[in-house]
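Listed below, chain by chain, are the residues.
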Amino acid sequence: MSTLTKDGVSSPAPVKATPARPRRGLRGSPTFNFWIFTGPFLIGLAIFVYLPILWSLYLSFFEARFTVTPSTFVGLDNYVTMLTDEEFMGSLVTFTVFAVCIVPITWATSLGLALMVNRLRFMRAFFRSVFFLPTAVSYVAASLVWKMSIFNGVRFGLANTFLGLFGIDNTAWLASPDPPWYWLVILSVRLWLQAGFYMILFIAALQNIPQEMYEAAAIDGAKPGWQTFWHITLPQLRATSTAVILLLLVAAYQAFDEFFNLLSKTTWGRPPLVELYYKALGDSQDYGAGSAGALLLTVLICLVTLLQGRFMGFGRGEESK
C-alpha cells in the first residue's frame, strides 16, 4: 500500500516492525539445554561418587572378605569391630594431633602471607604466584622430595647438611616414633602445599574490606598495625577464616598421600584413611570392616564440620551476629 503526499506523489506506507522473538535453546527449550550441559556431570557424579557410597553402606552390613559381592549379613558387627579396633581408634588420635597442629599453623601462615603480599607496592603478582605455585605440585611428588632429598636420614640430606654446619649429628627423621621427628616432616610438607591456596582466599577477602573503615579508624586515633588488624581486619575476615578452618579440618581428616609415602608401611603415625587402606586392601582385604570404618569417618567429619560451623557462626546473617 502507498499514501499520497501534498504534491500528489505516492510514497510507500511504512512497514510495521515485527517484534524480535526470544532466542530458544537447541531444541526450543532451556530445560533441554540445562540437561545437555549438566547431564554428563551428574551421570559421572552418580556413577563415581554416590553409587560407591551406597555400595560401601551395603558392604558395611555384610561379611565381605576378599569379595565385594557378599551374602552373609552381619548387621552392626563391622561397626563394633572398628570401634573396638585399637589401630583404627589410634589413627583417630593421630588425626587429632595432626589437625590440632596443622590447622592453626596453616591458617596463621596463609593469613600472614596474604597480609604481606597485599601490602606490596610492586611485584605483587609475582609473589602471589610464587606462593601459590606449590598448590599445583602433586602430594606424592612433594612427599618423595621431602623424604629423599630434604629430610633424608643420611648426611647428604639437606636438613642434616644444614644441621651439620652447627656440629649436630645426623637425625633419622622418619625412622622412629621416639622422638617423633616425623611430625616435622609431615607438617612442613602439608604447610608448603596448602598455604598458598588459602593465601589467595585471604587476599580476596582483604581486598573486599572498605578502605573507609581504616580511614575512620585513623581519624578516631587508632594506630596502624596491631590495633587496626585486631579491631577491623580480623573481624572482617571472620567468614573467610571460618571457611578456611572448615576446609583445613576436612583436608586433615582426608590426609593420605604424605603419610603413606613418607612413613611407608610403618604401624605408627597412620591417619584414618591410611588405616582403612590397609584394612580393606591389606592381607585380610576386609571390605566390610573397611566400609564401616569409612562411614564412621564420614559421620565424624560431618559432625566436626557442623560443630565448627556452629561455633564460628558459619552461615549466619549479619543481623544475627
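Scroll up to find the structure this text is about.
Residues numbered from 1 in each chain as written. Predicted model: local features only at pLDDT ≥ 70, side-chain atom pairs only at ≥ 80, totals over all residues. Heavy atoms only, no water.

> Can you walk me through a nonpolar patch on the surface in this structure?
A cluster of nonpolar residues, Ile43, Ile47, Phe48, Val49, Tyr50 and Ile53, forms a patch on the protein surface that exposes about 630 Å² of accessible area. Note on placement: Ile43 falls in helix α1 (residues 30-59). Note on Ile43: relative accessible area 53%, which makes it exposed. (Patch = residues over 30% accessible without salt bridge, like charges linked within 9 Å, V, L, I, M, F, W, Y side chains within 5 Å. Areas by Shrake-Rupley, 256 points an atom, 1.4 Å probe, with all protein chains shown as cover. Salt bridge = Lys/Arg side-chain N within 4 Å of Asp/Glu carboxyl O. Helix = DSSP H or I, 4+ residues; strand = E, 2+ residues; numbered from the N terminus. Buried < 20%, exposed > 50% of the residue type's maximum accessible area, 1.4 Å probe, protein only.)

> Looking at this structure, I do not really get the packing of aromatic side chains. What am I missing?
Aromatic ring pairs are described here by two measures, namely the spacing of the ring centres and the angle between the planes. All chains considered together, the criterion is met by 24 aromatic pairs. Judged by centre distance (5.6 Å) and plane angle (65°), the ring pair of Phe256 and Tyr277 falls under edge-to-face. Placement of the pair is Phe256 in the loop between α10 (238-253) and α11 (257-263) and Tyr277 in helix α12 (residues 272-281), with a sequence separation of 21 residues. Accessibility expressed as a relative area gives 21% for Phe256, which makes it partly exposed. Judged by relative accessible area, which is 32%, Tyr277 ranks as partly exposed. (Phe/Tyr/Trp six-rings, centres within 6.5 Å; stacked < 30°, edge-to-face > 60°.)

> Explanation requested: the layout of surface pockets in the structure shown.
Once rolled over the atoms, a probe with the size of a water molecule shows which space is left empty. Estimates place the volume of the largest pocket at around 640 Å³. As for the largest pocket, its lining consists of 19 residues, and the residues nearest its centre are Asn118, Arg119, Tyr214, Thr228 and Thr233. When contributions to the lining of the largest pocket are tallied by element, the ones reaching two or more residues are α3 (86-118), α8 (211-219) and α9 (226-236). A total of 4 residues in the lining of the largest pocket trace back to one element, the largest contributor, which is α9. Residues that form the lining of the largest pocket fall into these classes: 10 nonpolar, 5 polar and 4 charged. In this structure, the second largest pocket spans a volume of roughly 410 Å³. If you trace the second largest pocket, you find 17 residues lining it, with Ser56, Leu273, Leu276, Gly290 and Ala294 closest to the centre. When residues of the lining of the second largest pocket are traced back to their parent elements, those giving at least two are α1, α12 and α13 (287-312). Ranked by residue count, the leading element in the lining of the second largest pocket is α13, at 8 residues. Of the residues contributing to the lining of the second largest pocket, the split by class is 12 nonpolar, 5 polar and no charged. (1 Å grid on protein atoms, 1.4 Å probe; cavity = no way out; pocket = protein on both sides within 12 Å on 5 of 7 lines; lining within 4 Å. Points joined across faces, edges and corners; volume = space filled by probe spheres on them. Nonpolar A, V, L, I, M, F, W, Y, C, P; charged D, E, K, R; others polar.)

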